[in-house]
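Report on the structure
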Amino acid sequence: DIELTHADPEVYGIIGKEKDRQYKSLELIASENFTSRAVMEAVGSCLTNKYSEGLPGKRYYGGNEYIDELETLCQQRALEAFHLDGEKWGVNVQPLSGSPANFEVYTALLNPHDRIMGLDLPHGGHLSHGFMTPKRRVSGTSIYFESMPYRLDESTGLVDYNMLEKTATLFRPKLIIAGASAYPRDFDYPRMRKIADAVGAFLMMDMAHISGLVAASVVGNPFEYCDVVTTTTHKSLRGPRGGMIFYKKDTVLGVDMETAINNAVFPGLQGGPHNHTIGGLAVCLKHAQSPEFKTYQNNVVSNCRALASRLAELGYKLVSGGSDNHLVLVDLRPLGIDGARVEKILDLASITLNKNSVPGDKSALVPGGIRIGSPAMTTRGFKESDFVATADFIHEGVQITLEANKLIPKTKLQEFLKFVASPDFPLRDRI
Ligand code: PLP
């Protein structure tokens, strides 16, 4: 067996460069985190070699004695980490990631062309919640199911539950999806439950972004109100890249949830589970029950608040006026610049965040905002004062963007990006 450094110096070198980038930059992408060495050891282990189609005790391959032990442990820890009674809730830990987990739920609970309602992507929702444009059914979810989004109230930046209720009453969806990729507030689960019940729909929460916060009980508990809860495992939960589906062990709207969900994962949409990921996830879920994890999640929220307050002090417009979770969404349009330009300038300064559409945006390609998250830098030990300093750095980046914009006024985005990345960009020494 040859070590990677000798077996493939090229790949080894690229990994080294990426590691360097991760450690030297301020990582503020709200969906990213630094998982632990212990999780990475499990992910990089011999577990990757094994095929184990099926569920513990019911496999289609031999040699699964230890994989059964591992997956059962992972399931138990998942239920414990989210404070769930195993008599009432079950979990499938095999989804390969968040988007497959969501599609598996849709195929489990719905028939092709059944109707769904999720938060619109430009308003903070995720592609897999049914995104489509007037010209194109972009997400597979919108190709195979009929999607009608709900949106934010643009004046408050909060979900417009009245509009959701009205539209649901007319559209009669079979599934309503809570959860988002860029929403700085909590969802009103009781209200959504009421709406779902009134129209005879399942209620699903995609807690991908906030699952760590849910486990630590620092935000509302979707399990009290939803029939099914999906998540990724690599965001605030800080595990390996993967997904999970929690389901009520019950018959809901005529569907036996346990059978339907498990069959949708395998053989419906997946083959062999990624056992190395399940190993890493089990490690992550053990840690998610520790007091340090709770402290970490509390810090994620307080750090994000510190960041939001400083940005507000500096005069920025924040969507919804602030944050109750791990992210803030800054509306840059009042300054006359967009998120793509600011993202690029900050990238050059090793501050990594992402451009993001904000309610009312005309273009998704040149969106008017940036999304900033606190989970990754909180893992790196940042405190509130560090996030205040981070807000000041971002502010400096915005100032440079404004000045660069004056140097080449009214240029197309691509030209601007080329201009600022070139060695003779006159403001380079400020970055
Ligand atoms: N759901 C939400 C709310 C997300 O934000 C994301 C990803 O960012 C996903 C699902 C999809 O996860 P994945 O990228 O693992 O498919």
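Residues numbered from 1 in each chain as written. Predicted model: local features only at pLDDT ≥ 70, side-chain atom pairs only at ≥ 80, totals over all residues. Heavy atoms only, no water.

Under the convention used in this document: UniProt positions are given in the numbering used here, feature names are shortened, and annotations may be inferred rather than shown by experiment.
Labelled according to an unreviewed UniProt entry, the protein appears under the name Serine hydroxymethyltransferase, originating from Beta vulgaris subsp. vulgaris. Listed under Function (unreviewed entry) in UniProt, the entry text for the protein is "Interconversion of serine and glycine." Turning to the protein, the UniProt record has this under Cofactor (unreviewed entry): "pyridoxal 5'-phosphate".

**Quick notes on the overall build of the protein**
For the record, the criterion: A run of DSSP states H or I qualifies as a helix once it reaches four residues; a run of E qualifies as a strand once it reaches two. Both are numbered from the N-terminal end. Just to be clear, the radius of gyration here is over C-alpha atoms, and the globule rule we use is 2.2 Å times residues to the power 0.38. Accessible surface area values rest on a Shrake-Rupley calculation with a 1.4 Å probe, where residue burial reflects the displayed protein chains alone. Think of it this way: Lys and Arg go in the positive column, Asp and Glu in the negative one, and His and the chain ends go nowhere. One atom stands in for each charge, and that atom is NZ of Lys, CZ of Arg, CG of Asp or CD of Glu.
Check the secondary structure of the protein and you find 16 helices and 19 strands. Relative to the 2.2 N^0.38 estimate, which gives 22 Å for 431 residues, the radius of gyration of the protein is 22 Å and therefore close to what a compact globule would have. Its C-alpha atoms give the protein principal-axis dimensions of roughly 65 × 65 × 40 Å. With an accessible surface of roughly 19,400 Å², the protein has 53% of that area assigned to carbon and sulfur atoms. A gap of 5 Å separates the mean positions of the 46 positive and 50 negative side-chain charges of the protein.

**A word on the packing of helix α4 (residues 65-81) against helix α11 (residues 275-287)**
Packed helices, taken two at a time, are described by the angle between their axes plus the distance between the axes. Our working rule: Each axis is a line fitted through C-alpha atoms, taken for helices only over the stretch in contact, and angles between the N-to-C directions span 0 to 180 degrees. Definitions for this section: a left-handed crossing has its near helix turned counterclockwise from the far helix by less than a right angle. A right-handed crossing has that turn clockwise. Residue contacts are counted whenever heavy atoms from the two residues lie within 4.5 Å of one another. Think of it as three bins: nonpolar holds Ala, Val, Leu, Ile, Met, Phe, Trp, Tyr, Cys and Pro, charged holds Asp, Glu, Lys and Arg, and polar takes everything else, Gly as well.
Remark: α4 packs on α11, axes separated minimally by 9 Å, with the N-to-C direction vectors making an angle of 40 degrees. α11 is crossed by α4, and the crossing has left-handed handedness. Seen from α4, the contacting residues are I67, L70, E71, C74, R77, A78 and A81; seen from α11, they are N275, I278, G279, L281, A282, V283, L285 and K286. Of the residues contributing to the contact of α4 with α11, the split by class is 10 nonpolar, 2 polar and 3 charged.

**Some words on the packing of helix α7 (residues 161-171) against helix α8 (residues 189-199)**
Here is the rule: Any angle between 65 and 115 degrees counts as roughly perpendicular, while under 35 counts as roughly parallel, over 145 as roughly antiparallel, and the rest as oblique.
Interaxial distance between α7 and α8 falls to 10 Å at its minimum, and their mutual angle equals 10 degrees. Considered as vectors, α7 and α8 are oriented roughly parallel to each other. Residue-level inspection shows Y161, N162, L164, E165, A168 and T169 of α7 in contact with α8, the latter providing R191, M192, I195 and V199.

**Some words on the nonpolar core**
Applied cut-off: Among buried residues, those of type Ala, Val, Leu, Ile, Met, Phe, Trp, Tyr and Cys that are joined through side-chain atoms within 4.5 Å constitute a nonpolar core. In this scheme, a residue with accessible area under 20% of its type's maximum is buried, one over 50% is exposed, and one in between is partly exposed, where area comes from a 1.4 Å probe on protein chains only.
Counting 57 residues, the largest nonpolar core has F82, I176, F187, M244 and F246 as its most contacted members. No other element matches the 6 residues that α4 contributes to this core. Here I176 is in contact with M117, L164, A168, M192, I195, A196, V199, A201, F202, L203 and M204, once residues within four sequence places are set aside.

**Some words on the side chain of N275**
Locating N275 in the fold gives a position in helix α11. Taking the relative accessible area as the measure of exposure, N275 reaches 2% and is therefore buried. Ignoring any residue separated from it by four or fewer positions in sequence, one finds N275 in contact with L47, K50, S52, I67 and L70.

**Quick notes on the sheet that holds strand β5 (residues 115-117)**
Note the following rule: For two strands to be treated as a pair, DSSP must find no fewer than two bridges joining them.
Strand order across the open sheet formed by 7 strands is β4-β12-β11-β10-β9-β5-β6, with mixed pairing between neighbours. Pairing within the sheet leaves two strands with one partner each, and these edge strands are β4 (89-92) and β6 (146-147). With 2 bridges connecting them, β5 and β6 associate as parallel partners. Looking across to β6, one finds that R115 is bridged to E146. Contacts between α4 and the sheet are confined to β4 and β12 (243-248), with β4 contributing the most and set at about 130 degrees to the helix. Sheet strands in contact with α8 are β9 (175-178), β10 (202-206) and β12, and its direction is about 170 degrees off that of β9.

**So, the UniProt feature "modified residue: N6-(pyridoxal phosphate)lysine" (unreviewed entry) in the protein**
Note the following rule: Under the rule applied, a polar contact is a pair of N or O atoms within 3.5 Å (in protein, one hydrogen donor and one hydrogen acceptor; residues adjacent in sequence only if both atoms are side-chain atoms).
According to UniProt, the "modified residue: N6-(pyridoxal phosphate)lysine" (unreviewed entry) feature falls on K235. You can see K235 is positioned in the loop between β11 (228-232) and β12. Not counting residues up to four positions away in its chain, the partners in contact with K235 are S31, N33, A208 and H209. In this structure the side chain of K235 is engaged in a polar contact, spanning 3.2 Å, whose partner is the side chain of T232.

**Structural notes on the environment of R115**
One can find R115 in strand β5. On the basis of relative accessibility, which here comes to 39%, the residue R115 falls in the partly exposed class. Put simply, R115 and A168 are 53 residues apart on the chain and 9.9 Å apart in space, counted from C-alpha to C-alpha. Reaching out from R115, the side chain makes a polar contact with the backbone oxygen of F171 at a distance of 2.8 Å.

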